[in-house]
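Structural description and commentary
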Amino acid sequence: MADLRSKARMWAPLAAAVAAVLVVAELHAVVPFPALAVTTLIFVAIVWTVVHLLVVRAELLGQLDVARIAANAIDQIIWIERYPSGETAFVTGTYEQVWGHEALTLFQAAESRLDAVHAEDRQRVRREIRAGQAGLETFRTEFRMKTASGDERIMHVKFHPHEVQGKRAGYWIGFATDVTEERRTHAGMIRNRRALRALALVNAAISRAQSRSELHKLVCQSLIDGDGYAAAWIGLRERGPVAKIRVTAHAATHTDYITALDIRPDDPVLGQGPTARAMRAGEVSVCHSVAEDPELAPWRDAALRQGFPAIAAFPLLNEGRAFGTLTLYSDEPGAFAEDELRILEEMSVSLAQGLVMIEAKAGLVNSGKMELIGQISGELSHDFNNILGIIATHAEIGGREAESEAARDRFSLIAQAALRGVDITRSLLGIARHPRGIPEVADANSLTLRLVALIRAAVGPGIDVQLQLWDTPLPVEIDPAGFNNALVNLAINARDAMGEHGVLTLRTFLSDTPEGCPSREGLPASLRSTPLVVVEVADTGSGMTEDVREHAFEPFFSTKGPNKGTGLGLSAVLRFAVHHGGTARVLSSSPEGTTVQIVLPASTGALDSATRRLVALPPPKPVSLRVLIVDNEPDLLSGMLETLSLAGHKPTGFTTSRDALDALARQKFDVLICDLLLDNGEDGTVLARQAALANPDMRVIVMSGNAARHAESDLVWPLLEKPFSVDTLIGQLETRQSETRAA
């Protein structure tokens, strides 16, 4: 190449010499020498100049070809524009591939030149170009654009002014680099770091949270803090005829949007979004473009107004079943790439395991609470019921002897307060120990129907009690008395939630397939594949918040305020259901009211077709009975002695078994009423057996302030649960009179 250049430089003098010889040869005969010399020199100079310029042009064109080859070889987009005309002086082949063969440069026809630039970047790029032109200094810009082939790419462009002096003339040289992959890789790294941070924060929240609701809130807030996601919420699937996904927690942003969501996994329209798909299929579901996904039509406009171009939903699984979802929103189009999703899926698995662990821990804690309650209640109930018995007995005696209506009302209030204390004691024992009563195969429909009148009286005239019973009998093996208590308890809770007015619905139905209503998710494994009988009590009150729902079955948890509730009602209902192989659960969506379900396994046994009837005996002719009463509480003993004396009997009382045995040795008694727990820890059953041996014809009745302790023992005598009413005590003796008369 250097040899060619040196040879090209010799062409100008050679051409000039040849031209001089030709001119001299042609003009020497007609032109004088001085003029000939001048003419020859001028001609030689012209030839020299022309040839030199041609040589220089050839060299420049050759160099330009070399430069073009070099520019194309480095695969960079380069172009040169003349300033200020904007005429294209040079472009590389890659420039044409990106902008097209007919494309003008960025400086020409400003509006049309920027058509290829993404609409969201166009105004910014226009401002940056104008500012760069005005300053005549090197500047850079970056933007998304649609290439000639239709692909969207990210371009980083650098502009250099060249020989632009006084803003009159020169060149702008543009260098463009396709940084699409680099930016995507960088964005992916940022998203992956965000996902890893979310995983770490969720694991930390699991270790700190003490309850399900606290974990939900910690997780949602941690997912949006800092450079986190745009929004996050956790939902659990409602159980009931309309299986909605209920928002249980969300971060402190976009509250109105999230709480207004109506997502139903089984609905053909409202069940097509990512959250519903994740719940239904138990797999991660992603929408990379909210604007273009036709299945997001019900929520598209609202989501885009919030700035959510991408959504991902992750199922929360337990034993392969989705019980809830975690839904994340991103403000970046195309978010949730494959690597990020893998990390977030691992996070959702950790979250689900954490929720299951917290539920298990809560179950153990509640079990421990109830065990402790059982121990304390068992130790205290005897003395407590003795005290209540004293109050109730003497209040009834005072009411019978009172001469004025006002005095009788006061004694009645005292007796009612004592009976309220009895209810509390029995509730304590009911949740702490297995409920008493003998299970039998009964029809849930019939049991519910018999309670309607009582429930209407309990809730008051302002509440409309509606009945929706299954059209065929629903056999269950339960203790009917326990069922009655549970249903009345739920009705009273519903009344308290509604106030003076509302609608209370009692509903029974059979769920004979796992796919039927209610949803089997969240039920114990033993109830997931068996036919179920469901008894619902639904109200139109204010409903429960998620925090209240979580603690609803805990002993002593109440939202009714001081002196309005013990917090034992739902605990007793749950214990009743669990004791009979079932469970109880709350369906509530504030402010849409509350539904409590008692879920029991359907019985395969036959219903007793015989209707049990109480046979009314004719009033017995009063018989004076000799009654021996043994109780270690003197005040309660005196009340029973006075009661029986007023009823025409001949009672004798002692506080110790020794005195009672001495009396039995001296005289005959028709009835022995003996406490099962006497002074110094004496067992009343020992006294009862000795008395029965001494006088086989004497009837023995035992009583206890902690009847639950003796419920499953081998007692052969009737058991009176303290405190009992005067009528109950006299009724037991009247039974003795009837037996005596029959004999």
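Refer to the preceding data block for the structure.
**Let's talk about the side chain of Ser348**
- With respect to the helices and strands, Ser348 occurs in helix α11 (residues 338–401).
- The residues contacting Ser348, other than those within four sequence positions of it, are Phe314, Pro315 and Leu316.

**Observations regarding the packing of aromatic side chains**
- A complete count under the given rule lists 7 aromatic pairs for this structure.
- Ring plane angle 80 degrees and centroid distance 5.8 Å describe the contact between Tyr257 and Tyr329, whose orientation is recorded as edge-to-face. Here Tyr257, found in helix α8 (residues 255–259), pairs with Tyr329, found in strand β10 (residues 321–330); they are 72 residues apart in sequence, far enough to count as distant. Considered together, Tyr257 and Tyr329 belong to a single accessibility category, that of buried residues.
- Site record: aromatic cluster; members linked through ring pairs are Phe139, Phe159 and Trp172.
- Directly above the aromatic system of Tyr229 lies the positively charged group of Arg194, at a separation of 4.0 Å from the ring centroid.

**What about the packing of helix α6 (residues 180–208) against helix α7 (residues 212–224)?**
- Relative to each other, α6 and α7 sit at 155 degrees, their axes nearing to 9 Å. Comparing the axis directions of α6 and α7 gives the class roughly antiparallel. Classified by chirality, the crossing of α7 by α6 is right-handed. The residues of α7 that touch α6, namely those facing Arg197, Ala198, Leu201, Val202, Ala205, Ile206 and Arg208, are Glu214, Leu215, Leu218, Val219, Ser222 and Leu223.
- For the contact of α6 with α7, the class distribution of residues is 9 nonpolar, 1 polar and 3 charged.

**As for the sheet that holds strand β7 (residues 245–250)**
- With respect to topology, 5 strands assemble into an open sheet ordered β7-β6-β10-β9-β8, the strand pairing being antiparallel. Every interior strand has two partners, whereas the edge strands, β7 and β8 (285–287), have only one. Each strand axis lies, on average, 20 degrees off the axis of its neighbour in the sheet, ignoring direction.
- The pairing of β8 with strand β9 (residues 310–318) spans 3 bridges and is antiparallel.

**What about the pattern of salt bridges?**
- Under the criterion given, the structure shown has 19 salt bridges.
- For Arg183, the salt bridge goes to Glu182, with nearest N and O atoms at 3.2 Å.
- Overall, Arg183 belongs to the partly exposed group, its relative accessible area being 28%.
- Sharing partners across several salt bridges, the network here consists of Glu120, Asp121, Arg124, Glu128 and Arg144.

Thresholds applied
- Residues numbered from 1 in each chain as written.
- Predicted model: local features only at pLDDT ≥ 70, side-chain atom pairs only at ≥ 80, totals over all residues.
- Heavy atoms only, no water.
- Helix = DSSP H or I, 4+ residues; strand = E, 2+ residues; numbered from the N terminus.
- Contact = heavy atoms within 4.5 Å.
- Phe/Tyr/Trp six-rings, centres within 6.5 Å; stacked < 30°, edge-to-face > 60°.
- Buried < 20%, exposed > 50% of the residue type's maximum accessible area, 1.4 Å probe, protein only.
- Lys NZ or Arg CZ within 6 Å of the ring centre and 35° of its normal.
- Axes fitted to C-alpha atoms, helices over the stretch in contact; angles between N-to-C directions.
- Parallel < 35°, antiparallel > 145°, perpendicular 65-115°, else oblique.
- Left-handed = near helix turned anticlockwise from the far one by under 90°.
- Nonpolar A, V, L, I, M, F, W, Y, C, P; charged D, E, K, R; others polar.
- Pairing = 2+ DSSP bridges.
- Salt bridge = Lys/Arg side-chain N within 4 Å of Asp/Glu carboxyl O.

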